[in-house]
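Chains, contacts and geometry: an overview
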Amino acid sequence: MENNFKGHFIRDVRPGSIAEEVGIEPMDRLIAINDQEIKDIFDYQYLTESSEVNVLIEKPDGEPWLLEIEKDDDEDLGIIFDNGLMDDYKSCHNKCIFCFIDQMPKGMRETLYFKDDDSRLSFLQGNYVTLTNMSDADVDRIIRYHLSPINVSIQTTNPELRCKMLNNRFAGQALEKFKKLCDPQYGIELNAQIVLCKGINDGAELHRSLSDLYSYRPSLKSVSIVPVGLSKFREGLFPLEPFGMEEARKVVEEITYWQEKSFEETGDHFIHASDEWFMIAGLPIPPASLYDGYGQLENGVGMVRLLLDDFHESLDALKKAAASDQKLFDYLKNFKYTYTVVSGKLIHPYIVDMMDEAMAFCSGLKVNCAEIINHFFGEGITVTGLLTGQDIIGQLEGRELGDKLLLPQNILRAGENYLLDDITVPQIEEKLGIDIEIIRNEGDDLIDRLFRLSENGFRL
């Protein structure tokens, strides 16, 4: 073992666990397992899978403890580490021409400027990685530990163009790592993403990329195509332009070609367009059957369709329940409540349609649909998830908002109570003088909150 290795700090130990039983405590450090240093959580999990484990612990006073542990093969030791990954996150080595982090204004919280490009986070959290900062040993580790699925941000399969788009002379070579991971003998599943930039990797280049990616099946399970997001903070960056309606329609046509080919040959659609393409193109959102179980939902593929179907299914269930339950019927007959629902520009028309249907069902329900323009990042940013507290406050202040303001959950940072600009939900409440409810991005939750069902003892 390296002399400068300090081990991994143990933050806590689960009550009743093996670790507690053998005397491992918070503030101890894990030095080695079976005489091997632990690089990260995957080494730890791999080395603790056996029934006999030798664990070297260092106590806070520096005293080493070598613990011989017998356990079931799949039994966890019960150690909780200070860092869930047990290692520093790998940062991005690229300077992509489309990177949204480079388009953010100065002065925001430091964590928003960190660019991760870590295959381990791809496995743990679904992040997309470029593979450019991975060594051959890293690839072998993925195969050895069977880290699957891995999500890869491809952009293009043209090596020279990929170097240009990622501003990294090794970006083309990294495609060989992708090719190796797609080898069926290893059993690794992958998903791919292409961030499409007008005049760069669209048109013939997109066709080439999709043709190449099609050949990596069955290991490659799906490919999503998303349009580049362009904020107003692009001074000094590579000149990029947004897609217009006709250009978006050509992208949809290309994707449709591959979907039809794939479905005919394999029974799934493989290539998927993110929701923005249909909105930009002025085309209807496809039916659920085209999304193959919503495997790329977190990448904006099918979120609108799922929301719409969920909403209509829940509203229909409410109508049927009210027709057979007198108590619910009377409750809805006397129901009176007024809301304001916030959304970004892109999804606003769909929100309006859903709220119109809900109000047509119940005359006592009133909903104001507030389309918030993104002045913070620029009006070209139209997705709800990038709205800021200051835009919401600035555009709603002084307006009659009703009894409650409904905010979608995706405008909040994961597990937090603040928006991108660090304005908190309570601060918005104070500024606007209204109570806020956070709505999950699910149609059934929207119906439940609109009609106050759960809080009044009703279940659909």
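Only a predicted model underlies this, so the values are computations on that prediction, with no experimental measurement involved.

What follows is about the overall build of the protein. Scanning the protein from terminus to terminus reveals 15 helices and 14 strands. Each of the three principal axes of the protein carries a C-alpha extent, and together these read 70 × 55 × 45 Å. Each of the 460 residues in the protein was classed as buried or not, and the buried ones make up 50%. If you take every contact in the protein between residues at least 6 apart in sequence, the share linking residues at least 24 apart comes to 68%. Accessible surface, the protein as shown: approximately 22,500 Å² in total, 48% of it carbon and sulfur. For the protein, the separation between the mean place of its 46 positive charges and that of its 81 negative charges on side chains is 5 Å.

With that settled, the discussion passes to the environment of glycine 7. Residue placement: glycine 7 occurs in the segment before β1 (8-13). Spatially, the C-alpha atom of glycine 7 lies 9.3 Å from that of aspartate 28, the residues being 21 residues apart in sequence. Beyond its immediate stretch of four places on either side in the chain, glycine 7 contacts Arg29, Leu30 and Ile31.

Below, the discussion takes up the packing of aromatic side chains. Within a pair of aromatic rings, the relevant descriptors are the distance that separates the centres and the angle that separates the planes. For the structure shown, the criterion picks out 15 aromatic pairs. Seen from their ring centres, tyrosine 331 and phenylalanine 458 are 4.9 Å apart, and the 40 degrees between their planes marks the pair as tilted. Linking tyrosine 331 in helix α11 (residues 326-333) with phenylalanine 458 in the segment after α15 (443-450), this pair joins segments that are 127 residues apart in sequence. The same class applies to tyrosine 331 as to phenylalanine 458, namely buried. Seen in terms of ring centroids, phenylalanine 335 and tyrosine 337 are 6.1 Å apart; in terms of plane orientation they differ by 20 degrees. Their pairing is stacked.

Here we come to the environment of serine 274. Within the secondary structure, serine 274 is located in the loop between β10 (271-273) and α9 (275-281). By relative accessible area, which is 0% here, serine 274 ends up buried. Placed 29 residues apart in sequence, serine 274 and methionine 303 show a C-alpha to C-alpha distance of 8.6 Å. Not counting chain neighbours up to four residues away, the residues in contact with serine 274 comprise Ile225, Val226, Pro227, Asn299, Gly300 and Val301.

Turning our attention to the pairing of strand β2 (residues 29-33). Consecutive side chains of a regular strand alternate in pointing toward one face of the sheet and then the other. With 4 of 5 residues buried, β2 lies mostly within the body of the structure. Pairing of β1 with β2 involves 2 bridges; the strand directions are antiparallel. Looking at the pairing, histidine 8 lines up with leucine 30 of β2. As defined by bridge partners, β2 adjoins strand β3 (residues 52-58) across 4 bridges and the pair is classed as antiparallel. Bridge pairing in β3 links isoleucine 33 to valine 55.

Once that is clear, we can look at the sheet that holds β1. The sheet built from 5 strands is open, its strands ordered β4-β3-β2-β1-β5 with antiparallel pairing. Strands with a single pairing partner mark the edges of an open sheet, and in this sheet they are β4 (64-70) and β5 (79-81). Strand-to-strand twist across the sheet, computed as the mean angle between neighbouring axes with direction ignored, equals 45 degrees.

Let's shift gears to helix α6 (residues 174-181). Turning to α6, its buried residues are Ala174, Leu175, Lys177, Phe178 and Leu181. The arc that holds the buried residues of α6, viewed along the axis, is 150 degrees, so those residues lie on one side. Of the surrounding elements, those touching the buried residues of α6 are α4 (136-145), β7 (150-153), α5 (159-166), β8 (190-196), α7 (203-214) and β9 (220-227).

So, about the domain arrangement of the protein. Here the domain parsing of the protein yields domain 1 (8-81), domain 2 (100-300) and domain 3 (305-456). Between domain 1 and domain 3, the C-alpha centre-to-centre distance is 47 Å.

On to the sheet that holds strand β13 (residues 404-408). Think of a sheet as strands paired side by side through backbone hydrogen bonds, with each pair either parallel or antiparallel. On the basis of which strands lie adjacent, the open sheet formed by 4 strands has the order β12-β11-β13-β14 and parallel pairing. A single partner strand is all that each edge strand has here, and the edge strands are β12 (365-371) and β14 (435-439). Pairwise comparison of adjacent strand axes, ignoring direction, gives a mean angle of 25 degrees for this sheet. Pairing of β13 with β14 involves 5 bridges; the strand directions are parallel. Across the sheet, residue proline 408 finds its bridge partner in β14, namely isoleucine 439. Across the sheet, helix α14 (residues 425-432) is in contact with β13 and β14; its angle to β14 comes to roughly 140 degrees.

Here the residue pair serine 148 and proline 149 is connected by a cis peptide bond, since its omega of 5 degrees sits within 30 degrees of zero. Along the chain, proline 149 falls in the loop between α4 and β7. One non-glycine residue, leucine 131, lies in the positive phi region at around 75 degrees. Its location among the elements puts leucine 131 in the loop between β6 (128-129) and α4. In the Ramachandran plot, arginine 452 falls in the positive-phi region, its phi being about 55 degrees despite a non-glycine side chain. Judged by its relative accessible area of 7%, arginine 452 is buried.

It is worth spelling out the side chain of lysine 177 at this point. Among the structural elements, lysine 177 can be located in helix α6. Excluding residues that lie within four positions of it along the chain, lysine 177 makes contacts with Leu131, Met134, Ser135, Asp136 and Val139.

Calculation notes
Residue numbering note: each chain is counted from 1, following its sequence as written. Reporting in this predicted model follows two pLDDT cut-offs: at least 70 for local features of residues, and 80 or more for side-chain atom pairs to be given and counted; totals over whole chains, interfaces and linings ignore these cut-offs and use all residues. For side-chain calculations, the full set of non-hydrogen atoms in the structure is used, while hydrogens and water are omitted. Secondary structure elements are taken from DSSP: a helix is a run of H or I of four residues or more, a strand is a run of E of two residues or more, and numbering for both begins at the N terminus. Here's how the labels work: a residue is buried when its accessible area is under 20% of the maximum for its type, exposed when over 50%, partly exposed in between, all with a 1.4 Å probe on protein chains only. The contact criterion used throughout is that any non-hydrogen atoms of two residues lie within 4.5 Å. Each accessible area is a Shrake-Rupley result for a 1.4 Å probe, and residues are judged covered by the shown protein chains and nothing else. This count recognises Lys and Arg as positive and Asp and Glu as negative, with His and chain-terminal groups excluded. Think of each charge as sitting on NZ of Lys, CZ of Arg, CG of Asp or CD of Glu. Between rings of Phe, Tyr and Trp, where Trp is taken as its six-membered ring, a pair exists when centres lie within 6.5 Å; planes separated by under 30 degrees are stacked, by over 60 edge-to-face, and by other angles tilted. Strand pairing is assigned whenever DSSP detects at least two bridges linking the two strands. Think of each axis as a best-fit line through the C-alpha atoms, taken over the contacting stretch in the case of a helix, with angles from 0 to 180 degrees between the N-to-C directions. Throughout, the arc means that of the directions going from the helix axis to the C-beta atoms. Domain delimitation follows an automatic or database domain assignment.

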